[in-house]
Amino acid sequence: MSRMLQNALDEQRKYYSQKLLAIGVYDSQVLTNMTLTELKNEYNYFYHNVPKVTRKKSTSNRNGLDFGENCF
């Protein structure tokens, strides 16, 4: 049973390390010093955190005239 667990952990480490190497975030020496939890956290950060894009609200109307508070 412990051999199966060790194999599973090794496979996870290999998977996360390959993914992080593929995007060039870390080199292999850094990855070998990271724990499995750190590898998972970094993988989730780079692959699943999509930045939220917000647009600045326009204060002008469709005719191009600005009726904001600094207009008059």
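Since the model is a prediction, treat every value here as computed from it, not as a measurement. (Residues numbered from 1 in each chain as written. Predicted model: local features only at pLDDT ≥ 70, side-chain atom pairs only at ≥ 80, totals over all residues. Heavy atoms only, no water.)

A description of helix H3 (residues 36-48) should follow, citing residues and the corresponding values.
Here H3 contains 13 residues, and its C-alpha end-to-end distance of 17 Å stays within 8% of the 18 Å for a straight helix at 1.5 Å per residue. Turning to H3, its buried residues number three or more, namely Leu-36, Leu-39 and Tyr-43. The buried residues of H3 occupy one face: seen down the axis, they fall within an arc of 55°. In this structure, the buried side of H3 is in contact with helix H1 (2-22) and helix H2 (28-33). (Helix = DSSP H or I, 4+ residues; strand = E, 2+ residues; numbered from the N terminus. Expected span 1.5 Å × (residues − 1). Buried < 20%, exposed > 50% of the residue type's maximum accessible area, 1.4 Å probe, protein only. Arc of directions from axis to C-beta. Contact = heavy atoms within 4.5 Å.)

Lay out the environment of Glu-38 in plain terms, naming residues and giving numbers.
Locating Glu-38 in the fold gives a position in helix H3. For the pair Glu-38 and Tyr-16, spaced 22 residues apart in sequence, the C-alpha to C-alpha distance is 9.8 Å.

Break down the packing of H1 against H3 for me, citing the residues and quoting the values.
At their nearest, the axes of H1 and H3 sit 10 Å apart, and the two run at 40° to each other. Classed by the angle they form, the pair H1 and H3 counts as oblique. Classified by chirality, the crossing of H3 by H1 is left-handed. Contacts from Leu-9, Gln-12, Arg-13, Tyr-15, Tyr-16, Ser-17, Lys-19, Leu-20 and Ala-22 in H1 reach Leu-36, Leu-39, Lys-40, Glu-42, Tyr-43, Phe-46 and Tyr-47 in H3. (Axes fitted to C-alpha atoms, helices over the stretch in contact; angles between N-to-C directions. Parallel < 35°, antiparallel > 145°, perpendicular 65-115°, else oblique. Left-handed = near helix turned anticlockwise from the far one by under 90°.)

Any details on the nonpolar core? Residues and values, ideally.
The tendency in soluble globular proteins is for nonpolar side chains to be buried as a group. In this structure, Tyr-16, Leu-20, Leu-31, Met-34, Leu-36, Leu-39 and Tyr-43 together form the largest nonpolar core, which totals seven residues. Listing elements by their share of this core, those giving two or more residues are H1 and H3. Per-element tally for this core: the top contributor is H3, with three residues. Contacts of Tyr-16, omitting those with residues within four sequence positions, involve Leu-36, Leu-39, Lys-40 and Tyr-43. (Core = buried A, V, L, I, M, F, W, Y, C linked by side-chain atoms within 4.5 Å.)

Purely spatial values, then, with no claim about function.
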